[in-house]
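Structure assessment
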Amino acid sequence: MSGRRDGPKHARIFKKSAISSSPWPANAQQRIARQSLQHMSDADAAAAQASAEATPLPPSPTLASALVPPRREWVALEQPTTATETTRVRIMCYNILAQNLLEKNRYLYKPANTSFLDWYTRLEKVMAHIKVHGPDVVCLQEVHVDDLAADLAPAFAKLGYSYAFKQRTQTAEAHMDGLATFWRRDRWALAADPVPVEYRTNAFLDRDNVGLIVPLVAVVAEGEGDSSSASAAARIIVANTHLLFNPKRGAVKIGQAHQLLASMASLIDGPLSESTGSVPPVVVVGDFNSAPGSASVSFMVDGTIDLSPPESELSGQSAKHKETVDPPRSHSILNRPVLADPLTPHSAAQRIAIRGTNVPRFLVHPFDLASAYPVSELLDKLSSCSARSRDLVDYIFSGTYGAVVRPSPDVGADSAADSAAPDTTADVPVSVHPRRWVPATWSTPLGALPAPTDAVVPAPGQEWVPPPLASREERPTWELVPVGVLRLPTWTDAVPIPNATEGSDHFSLIADFALIRKE
């Protein structure tokens, strides 16, 4: 939901509907709903699907129009020219508007027909939209824990999906929503356990927003390959998030996004590196509550950000800043090529104060990301529309982890990787990224400055030494290339939602990718 604040507990509206029947007994529903992080095993999901299919949902004549997808065209992007083996994956990002937040902020949806605001009416439209497009991976935001157990999990199980869920870290009624990531278990399986990310870590990052990282591996059908082909199966990492809404706290949003990327890097360097030795491509999706021309979105694709501007301008949501950002006109940052030059060398030593907390002036990360939606498909478009606001705040980013893994101590001294390694004792700065300077302490949460060390940092004008190539075992690696997107509505054509065809106050973003294997 855009343009609203969380509020105190309220009386939720419940309405009986065929879609609310759950394959689990009441005590199991309650147990599942209250887990802060949960994921359904393939066996449990299959059992839930069989139970759900035993009581199919009847069609609803009164909602016939809801089963027709909105007039949104698919846009074909540049197709890969390589003949290398590819796997296609469709990823959806969708803020479905938690019912408790809708009830608290009903003023945002006037004069909408009240029947459009009913949870089960909206749910049927949301599920119809998902079923029409059949994504491999569905990343939902604003999923209420009770609605997940009673309605969403059974409905997705019937469609053949497994899922992981992470609730926000407060327990008040207004904060009982979270993130749910679903994946088609006939095509994808967990490559490692899902990783929940809690952004409340210190006095500066003090909000209860969360992230959820799900590493996936393509399912190799029986008879289609041997164990070696299974080990080389396509892998992706999908990160789902919903950042803080408050327009005045842009630095907190950037700190939250930074923390999500740091957790993803730890997963890649840890469990995934140990199990596969390769670096899978990454997809980062969610409601970033930031305008496309903002500094916080620039941080995602540039890998660097200067936090010295007023904090209220960093996310591009303030009324003053909207005059230059909304409708979105400046989108070059969304598809800017990877930086060829390092971050301003002397920046790491600079500190600024934000609301009394000392933080680095410049924040960096080692991922190389770009928007799956090209510039032409973001100009004058929006992803959220209510009676009081029109915004583009939802994004799908994709790319690679640009950091490198240095050779382990037992690697032979005569190895190519070891001979290429820089002399860390020399008076030169060392980066953990091959194309821009990223210090080893880059993942320190914003608001918690790393302890002083003797590490060499660049002086003004001093050059840094590019790090060596990764020392991972040679295995097939995969590149993720956007090949199509579902067009977003324009500023002039969109009408306030939810309505007769849309079940949320956000439109979904859907991108098709080609996973290209490179030997």
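What you see is a predicted model, and the numbers here were worked out from it, not measured in a lab. (Residues numbered from 1 in each chain as written. Predicted model: local features only at pLDDT ≥ 70, side-chain atom pairs only at ≥ 80, totals over all residues. Heavy atoms only, no water.)

**As for the overall build of the chain**
- Within the chain, the regular secondary structure consists of ten helices and 21 strands.
- For the chain, with 519 residues in total, the buried portion stands at 55%.
- The contacts in the chain between residues at least 6 apart in sequence include a share of 82% that link residues at least 24 apart. (Helix = DSSP H or I, 4+ residues; strand = E, 2+ residues; numbered from the N terminus. Buried < 20%, exposed > 50% of the residue type's maximum accessible area, 1.4 Å probe, protein only. Contact = heavy atoms within 4.5 Å.)

**Notes on the confidence of the model for the chain**
- Of the residues in the chain, 66% have a pLDDT of 70 or more, and the chain-wide mean is 77.
- Low pLDDT, under 50, characterises residues 7–36; the predicted model gives this stretch 65 contacts beyond four residues in sequence or across chains.
- Contacts from residues 406–422, a stretch scored under 50 in pLDDT, to residues over four places away or in other chains number 19 contacts. (pLDDT = per-residue confidence, 0-100.)

**Details of unusual backbone geometry**
- Residue P498 follows I497 across a cis peptide bond; omega there is 5°.
- Positionally, P498 belongs in the loop between β20 (477–486) and β21 (509–518).
- Non-glycine residue L97 carries a positive phi angle of around 65°.
- For L97, a relative accessible area of 0% puts it in the buried group.
- A positive phi is found at E142, a non-glycine position, where the angle reads about 60°.
- Here E142 lies in strand β4 (residues 137–144).

**Looking at the packing of aromatic side chains**
- Per the counting criterion, the structure on display carries seven aromatic pairs.
- Ring centres of F156 and Y161 lie 5.3 Å apart, and the angle between their planes is 90°; this geometry places the pair in the edge-to-face category. As far as burial versus exposure is concerned, F156 and Y161 are alike and both buried.
- Seen in terms of ring centroids, Y163 and F182 are 5.4 Å apart; in terms of plane orientation they differ by 35°. Their pairing is tilted. Placement of the pair is Y163 in strand β5 (residues 161–167) and F182 in strand β6 (residues 177–184), with a sequence separation of 19 residues. (Phe/Tyr/Trp six-rings, centres within 6.5 Å; stacked < 30°, edge-to-face > 60°.)

**Looking at the nonpolar core**
- Membership of the largest hydrophobic core comes to 113 residues, with the highest contact counts inside it found for M264, V284, F367 and I396.
- At twelve residues, helix α7 (residues 250–276) tops the list of elements feeding residues into this core.
- In contact with F367, not counting residues within four places along its chain, are L261, M264, A265, I268, V282, T400, Y401, G402, R436 and W442. (Core = buried A, V, L, I, M, F, W, Y, C linked by side-chain atoms within 4.5 Å.)

**Some details on the pairing of strand β3 (residues 86–95)**
- Burial analysis of β3 places seven of its ten residues in the buried class, the great majority of the element.
- Taken together, the eight bridges between β3 and β21 define a ladder with antiparallel strand orientation. Across the sheet, residue V89 finds its bridge partner in β21, namely F513.
- Across five bridges, β3 lies against β4 in parallel orientation. Looking at the pairing, I91 lines up with V137 of β4. (Pairing = 2+ DSSP bridges.)

**Regarding the pattern of salt bridges**
- A complete count under the given rule lists 13 salt bridges for this structure.
- Note that E311 and R355 form a salt bridge whose closest N and O atoms lie 2.8 Å from each other. Of the two residues, E311 sits in the loop between β12 (304–306) and α9 (319–325) while R355 sits in the loop between β13 (351–354) and β14 (357–360), which places them 44 residues apart along the sequence.
- Classification of E311 as buried rests on a relative accessible area of 10%.
- Several salt bridges converge on common partners, so that one network encompasses E73, E377 and R487. (Salt bridge = Lys/Arg side-chain N within 4 Å of Asp/Glu carboxyl O.)

**Remarks on helix α8 (residues 295–302)**
- Of all eight residues in α8, seven are buried, a share of seventy percent or more.
- By the burial criterion, the buried members of α8 are S296, V297, S298, F299, M300, V301 and D302.
- Remark: G303 follows α8 within two positions and exhibits a positive phi of approximately 85°.

**Observations concerning the pairing of β6**
- Burial of β6 is extensive: seven of the eight residues sit out of reach of the surface.
- Relative to β6, β4 runs antiparallel, the two being bridged by six bridges. Residue pairing across strands places V138 opposite F182, the latter belonging to β6.

**What to know about the state of the cysteines**
- The tally for this structure, following the rule as stated, stands at zero disulfides.
- Between C93, a free cysteine, and C139, which holds the nearest cysteine sulfur, the sulfur-to-sulfur gap is 6.7 Å. (Disulfide = S-S within 2.5 Å.)

**A few points about the side chain of E142**
- The class of E142 is buried, set by a relative accessible area of 1%.
- Within polar-contact distance, the side chain of E142 engages the side chain of N95 at 3.3 Å. (Polar contact = N/O pair within 3.5 Å; in protein donor to acceptor, adjacent residues only side chain to side chain.)

**Here's the deal with the side chain of H242**
- With respect to the element layout, H242 can be found in strand β10 (residues 235–242).
- Polar contacts involving the side chain of H242 include one to the side chain of D287, which spans 3.2 Å.

**Looking at the packing of helix α4 (residues 119–133) against helix α5 (residues 145–158)**
- The N-to-C vectors of α4 and α5 enclose an angle of 30°; their axes lie 11 Å apart at closest approach. With respect to their mutual orientation, α4 and α5 come out roughly parallel. Along this stretch, α4 crosses α5, giving a crossing that reads as right-handed. Residue-level contacts link W119, Y120, L123, M127 and I130 of α4 to D147, D151, L152, A155 and F156 of α5.
- By residue class, the composition of the contact of α4 with α5 is eight nonpolar, no polar and two charged. (Axes fitted to C-alpha atoms, helices over the stretch in contact; angles between N-to-C directions. Parallel < 35°, antiparallel > 145°, perpendicular 65-115°, else oblique. Left-handed = near helix turned anticlockwise from the far one by under 90°. Nonpolar A, V, L, I, M, F, W, Y, C, P; charged D, E, K, R; others polar.)

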